[in-house]
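# Examining the three-dimensional arrangement
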Amino acid sequence: MGSAVTFVQDGRNDTGDGYGTTRGLEIKVWLLVAAGIVHFAYTFYAAAPGYISIDEGLYHWMAKTFYETGGLELWNGFDELPSPNLVYPLITAHGGRLFPIWPYLFPVLAFPFYHFFGFLGLFVLNAVCFAGVVVLSYLTARRLFHDANLALNSCLIIVFATFMWDYSQAGLPQMAAVLFVTGAFYLAVCAYQHPIPRGTASLACASGLVAGVGVGIRVDTGLIIPALVLPFLFARPWRPAAAPMVLVGLVPGLSVLSWTNLIKFGTWTPFSYGVASLEPIPPKEMLVFAGMTLVLIWVASRRVCADFLSGNRLKAVVFGVAALALVSVLAPKVIMLTENIVELGYAQLVDIRSLDPSTTMAPSVRTASGAVLTGGAYRRALVQSLPFLAVLALPVVVMARGGPEAGPLAMLFLAPLSFVLYYAFALLDLSWGGLVINSRYHLPCLPFFSILAAYALRTLQGNTGRVPRILTIACTLTAVAAFVALTIVVPDRRSDLEFPLLVVPLYISGCLAVFAVACGLKDFPGKGIAQRVGVGVLFAAFAWAGVQAFLYDHPVHQRWRTAHAVYEDRIFVTIPENSLLLTAADTYVPSVKLIEKVGVRRALVQSADPDPVRRLLDYHLRAGRRVFAFLQNIGWDGFSKDYLKGYTTTPIWTDSRFVIKEIAKPEIKRDETENDLKNQGR
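Residues numbered from 1 in each chain as written. Predicted model: local features only at pLDDT ≥ 70, side-chain atom pairs only at ≥ 80, totals over all residues. Heavy atoms only, no water.

Let us look at the overall build of the protein chain. Counting its regular elements, the protein chain contains 25 helices and ten strands. A burial count over the protein chain gives 55% of its 682 residues as buried. Accessible surface for the protein chain amounts to roughly 28,800 Å². Of this, 66% is attributable to carbon and sulfur atoms. (Helix = DSSP H or I, 4+ residues; strand = E, 2+ residues; numbered from the N terminus. Buried < 20%, exposed > 50% of the residue type's maximum accessible area, 1.4 Å probe, protein only. Areas by Shrake-Rupley, 256 points an atom, 1.4 Å probe, with all protein chains shown as cover.)

What follows is the structure, given as structure tokens:
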């Protein structure tokens, strides 16, 4: 009867959504297949071609460089004259050469895709990685809960109810990093469940290997490591032989990354971007506190200790007081930092408007209500993007009650916990992910949240009998219609979007949290009705999250790409080969496309001191190269006054916002040798 016959229910009854039968599973499989076909078709035929940010331009540069040279060094004329203006953001100079601060692996993975598709190949790579994440999420959910319907539901949530797809249509490495995160976690689950110690050790080592290699894509991929190690240590009985195998598996990937960092930065540290400001490390007091907390939880979770404490409340109180006294010496600094983490974590996860009004997030701006506008679009916290996350309160209640599924649930919560906690601390000092309007730093959390949401859906449906399909369809369509009306039909001003984008999701999530907690408790009169209503609200939350992602987030990002592409193309046809282009902070992103032209150097004017800029101009003018500047019209007069005194300029192209002018200096002779120029440059 087709491939879906293998999707058995593993002994479970129909979950009540009408799709838990073999026929229902088959429909879900074909729905995912159809989505995959549309997904790849969109990548090839509809994805906007421009850079969304300098990050993406740099990854294009890295992919092209590795494809052509097999190396990591970026060429921008720095070997001719080591000017600080040739060192773009996210690039570092070491040993007289330019290197990207990002790790090495993404351009390596992109090699075959770049060969066939050029810059679009980075999008194709991410499209493939997205499909891999969906498959791994299915395998993980199926292995943890032995329920094909739940596993397929988790895939449907990832595809249709999160903003993860948006990052599959990009040249950024986030989706590839998520693939390694989910792959490492899946292997850890396989290791944890393996009945033979030797098999457990091998799979644990493989899990560490995948995680260690993944750090070569993004350093924050390493935040999954605690979720790979701790389940073995907290198991009853604990399995101390398996946990070190994860660490052994990390060695090859981290060794290669250390070697490349030595070349780029002169340091053996694998977890490094070569820039201290991009490597926020918690203070030692916080690390000690976290370590002591883990030890105390581990001791309390041992069966002997748990049995000892459960039989006497006084003993439990004494244990708690002793634990608090043990960490009290760290209290002042830890408490202060914890307060900051909780405050920022709430802003990241729940309501972005709760940020202190004095907090700036350049290039974003704050409104009077505290909302954050990036490129004129509303930025949102995680729950404001995904209101269905409130239903995760239900598996928390189930986990707290104990039972056979408490372990799998704990593993799923542990995986995203490291990302959530670290970025609540790290983003005290970092900007919030550049030019995007959703929470890209939390992207690795979404597969795990989706599995947990699918579990919550199954739990809500489990004891209600058949939930009327008309209820779920009505709630879904109502949410879609309401979103379209409130964001497309009704608004006359941009400020009108604040209510549907920042407020309504909180109403939905608050209502959903109430039903989730109530339905997680023991039986009470009317619980069946509450569960049915909870299912309806959950479907409304899924729909709201999905239409936000597809009808607001992705179109906004596409518009930014298209706008950048217009100027990328204009610069590309205007600036000749073997030349120099000056840019400013608001114009340098489109200029990166000039890497596809031979010998074009791109300089960023980022200092008030005009002397380095003039030296650079004189050097290349004497070499007989043409020199251009690409700036905003409104900034040209100030730039010319500060940096171009004694030079002449000729307009080449202009529009309402930007201008390209050629720069010359009449008295410069053009017959000096390159060696003389290099000596003068020094």
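Moving on, we come to the packing of aromatic side chains. Each aromatic ring pair is described using two quantities: the centre-to-centre distance and the angle formed by the ring planes. As enumerated under the stated definition, the model contains 30 aromatic pairs in all. Seen from their ring centres, Y67 and Y114 are 5.5 Å apart, and the 55° between their planes marks the pair as tilted. One end of the pair, Y67, is in helix α2 (residues 54-69); the other, Y114, is in helix α4 (residues 111-117), with 47 residues separating them in the sequence. Pairing Y422 with Y423 gives two aromatic rings, centres 5.3 Å apart and planes at 75°, and the pair type is edge-to-face. The buried category is assigned to Y423, whose relative accessible area is 4%. An aromatic cluster of at least three residues, connected via ring pairs, comprises Y59, W102, F106 and Y273. Seen from the ring of Y192, R239 lies directly overhead, with NZ or CZ sitting 5.0 Å from the centre. (Phe/Tyr/Trp six-rings, centres within 6.5 Å; stacked < 30°, edge-to-face > 60°. Lys NZ or Arg CZ within 6 Å of the ring centre and 35° of its normal.)

For the rest of this paragraph, the subject is the sheet that holds strand β3 (residues 365-366). Taken together, three strands build an open sheet; the order of strands is β3-β4-β5 and the sheet is antiparallel. On the outer flanks of this sheet lie β3 and β5 (377-378), each paired with one strand and no other. Pairing of β3 with strand β4 (residues 372-374), which is carried by two bridges, proceeds in the antiparallel orientation. Across the sheet, R366 pairs through a bridge with V372, a residue of β4. (Pairing = 2+ DSSP bridges.)

Another aspect to go through is the pairing of strand β7 (residues 601-604). On β7, burial covers both faces: R601 and A603 on one face and R602 and L604 on the other are all buried. Pairing geometry for strand β6 (residues 579-583) and β7, over four bridges, is parallel. Paired with L580 across the bridge in β7 is R601.

Another point: the sheet that holds strand β8 (residues 626-632). Pairing in this open sheet of five strands is mixed, and the strands run β7-β6-β8-β10-β9 from one edge to the other. Of all strands in the sheet, those with a lone pairing partner are β7 and β9 (648-654), marking the two edges. Neighbouring strand axes in the sheet, compared pairwise and without regard to direction, differ in orientation by 25° on average. Contacts between helix α21 (residues 527-574) and the sheet are confined to β6, β8, β9 and β10 (658-664), with β10 contributing the most and set at about 25° to the helix. (Axes fitted to C-alpha atoms, helices over the stretch in contact; angles between N-to-C directions. Contact = heavy atoms within 4.5 Å.)

Helix length check: helix α5 (residues 120-145) (26 residues) gives 38 Å between terminal C-alpha atoms against 38 Å at 1.5 Å per residue, within 8%. Residue H146 follows α5 closely and has a positive phi angle near 55°. (Expected span 1.5 Å × (residues − 1).)

Turning our eyes to something else, we now look at helix α17 (residues 406-426). Along its 21 residues, α17 runs 30 Å from first to last C-alpha, staying within 8% of the 30 Å computed at 1.5 Å per residue. Taking the largest bend as the criterion, α17 deviates by roughly 30°, centred on P416. (Bend = angle between axes of the 7 residues up to and from the residue.)

Checked against the element boundaries, A565 lands in helix α21. Classification of A565 as buried rests on a relative accessible area of 8%. Residues within four places of A565 in sequence aside, it is in contact with P49 and G50.

Further remarks concern the pairing of β9. Pairing of β9 with β10, which is carried by six bridges, proceeds in the antiparallel orientation. Paired with W653 across the strands is I660, a residue of β10. The turn joining β9 and β10, which pair antiparallel and follow one another in sequence, is formed by three residues.

The next thing to look at is the nonpolar core. Formed by 194 residues in total, the largest nonpolar core has its most connected members in M164, I224, F388, V391, Y552, L582 and L617. For this core, the element with the most residues is α21, which contributes 15 residues. With residues up to four places along the chain from it excluded, the contact list for L617 reads L580, L582, V627, L644, Y647 and I663. Counting residues in each nonpolar core, the second largest holds eleven residues, with Y567, L581, F630 and W653 among its members. (Core = buried A, V, L, I, M, F, W, Y, C linked by side-chain atoms within 4.5 Å.)

Turning our eyes to something else, we now look at the pattern of salt bridges. In this structure the tally under the stated criterion is 16 salt bridges. Among the salt bridges present, the one from K64 reaches E68, with a minimum N-O distance of 2.7 Å. Of this pair, K64 and E68 are both found in helix α2, four residues apart, which corresponds to roughly one turn of the helix. With a relative accessible area of 13%, K64 lands in the buried category. For K665, the salt bridge is made with D618, and the minimal N-O distance between the two is 3.5 Å. Here K665 is found in the loop between β10 and α25 (674-681), whereas its partner D618 is found in helix α23 (residues 611-622), with 47 residues between them in sequence. Judged by relative accessible area, K665 falls into the buried class, the value being 18%. Residues joined in a network through salt bridges with shared partners are E80, R601 and R625. (Salt bridge = Lys/Arg side-chain N within 4 Å of Asp/Glu carboxyl O.)

Moving on to unusual backbone geometry. The phi dihedral of H146 is positive, around 55°, even though this residue is not glycine. The topology assignment puts H146 in the loop between α5 and α6 (148-160). Given a relative accessible area of 46%, H146 falls into the partly exposed group. Here N578, not a glycine, exhibits a phi torsion of approximately 55°, which is positive. What makes N578 partly exposed here is its relative accessible area of 39%.

The geometry of a pair of packed helices is captured by two quantities: the angle between their axes and the separation between those axes. Where helix α7 (residues 174-193) meets α17, the closest approach of the two axes is 12 Å, and the angle between their N-to-C directions is 145°. As for the relative orientation of α7 and α17, their crossing is right-handed in sense. Contacts between α7 and α17 involve V181, F185, V189 and Y192 from the first element and M411, L412, A415 and F419 from the second. For the contact of α7 with α17, the per-class residue count stands at eight nonpolar, no polar and no charged. (Left-handed = near helix turned anticlockwise from the far one by under 90°. Nonpolar A, V, L, I, M, F, W, Y, C, P; charged D, E, K, R; others polar.)

Attention now moves to the side chain of D351. Structurally, the position occupied by D351 is in the loop between α14 (331-349) and β3. Within the structure, D351 has its side chain in polar contact with the side chain of R353 (distance 3.0 Å). (Polar contact = N/O pair within 3.5 Å; in protein donor to acceptor, adjacent residues only side chain to side chain.)

The next point concerns the packing of helix α18 (residues 446-462) against α21. Orientation of α18 relative to α21, taken along the N-to-C sense of each, is 150°, at an axis distance of 9 Å. With respect to their mutual orientation, α18 and α21 come out roughly antiparallel. For the crossing formed where α18 meets α21, the hand is left-handed. Packed against α18, whose contacting residues are A453, L457, T459, L460 and Q461, the element α21 presents Q531, G534, V535, L538, F539 and F542 at the interface. For the contact of α18 with α21, the per-class residue count stands at seven nonpolar, four polar and no charged. (Parallel < 35°, antiparallel > 145°, perpendicular 65-115°, else oblique.)

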